[in-house]
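Next come the chains, spelled out residue by residue.
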Amino acid sequence: MGRGRAKAKQVKVARQLKYNSGGTDLERLRDELGVRDDPNHNDDADDSYDELADRYADYADDFGSDEDRDEGPPGRR
């Protein structure tokens, strides 16, 4: 008889964990991930990505699409 009450309590706790676990500490997570929240910070990663994208865009124009390069048997990749 006691099993029903214990199981009901376990189900209640499981539902609370599943649906009501919105108490995430975003500041602590930001610190752990090392994310800066500085609006004056100049992100050099975006600049280097833009430079690489420009450089390799020329190669993409020269070589065309992937369909032009596949000369193997049909149906195999």
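Worth saying up front: this structure is predicted, and the values here are computed from it rather than measured.

Time to look at the overall build of the chain. Counting secondary structure elements, the chain contains 4 helices and 0 strands. Start at the N end of the chain and walk to the C end: the helices and strands fall as α-α-α-α. The buried share of the chain, reckoned over its 77 residues, is 0%. Only carbon and sulfur atoms are counted for the fraction: they give 48% of the accessible area of the chain, which is about 8,000 Å².

Among the 8 residues in helix α2 (residues 26-33), 0 count as buried, and that is only a small part of the element. Two residues or fewer past α2, Gly34 is found with a positive phi of approximately 75 degrees.

A few words now on a negative patch on the surface. A cluster of acidic side chains, namely Asp46, Asp47, Asp50, Glu51, Asp54, Asp58, Asp61 and Asp62, defines a negative patch on the protein surface. With respect to the element layout, Asp46 can be found in helix α3 (residues 44-63).

Bringing the pattern of salt bridges into the picture now. Scanning the entire structure with this criterion turns up 2 salt bridges. For Glu27, the salt bridge is made with Arg30, and the minimal N-O distance between the two is 2.9 Å. Taken together, the residues span about one helical turn, with Glu27 and Arg30 both in helix α2 at a distance of 3 residues. The exposure class of Arg30 is partly exposed, given its relative accessible area of 28%. With a closest N to O distance of 3.2 Å, Arg28 and Glu32 form a salt bridge.

Cut-off values and rules
- Throughout this description, residue numbers start from 1 for each chain and increase along the sequence as written.
- Given that this is a predicted model, residues contribute local features only at a pLDDT of at least 70 and side-chain atom pairs are listed and counted only at 80 or more, while totals for whole chains, interfaces and linings are drawn from all residues.
- Where side-chain values are given, they derive from all heavy atoms of the structure, hydrogens and water being excluded.
- For the purposes of this entry, the term helix denotes a DSSP run of H or I that reaches at least four residues, the term strand denotes a run of E that reaches at least two, and both are numbered from the N terminus.
- The buried label goes to any residue with under 20% of its type's maximum accessible area, the exposed label to any with over 50%, and the partly exposed label to all in between, with areas taken from a 1.4 Å probe on protein chains only.
- Using a 1.4 Å probe, the Shrake-Rupley method yields the accessible areas, and only the shown protein chains count as cover for residues.
- Two distance rules govern patches: like charges are joined within 9 Å, and nonpolar side chains (Val, Leu, Ile, Met, Phe, Trp, Tyr) within 5 Å, applied only to residues with over 30% relative accessible area and no salt bridge.
- The rule for a salt bridge is simple: a side-chain nitrogen of Lys or Arg has to be within 4 Å of a carboxyl oxygen of Asp or Glu.
- Only four residue types enter the tally: Lys and Arg on the positive side, Asp and Glu on the negative side, with His and both chain ends excluded.
- Think of each charge as sitting on NZ of Lys, CZ of Arg, CG of Asp or CD of Glu.

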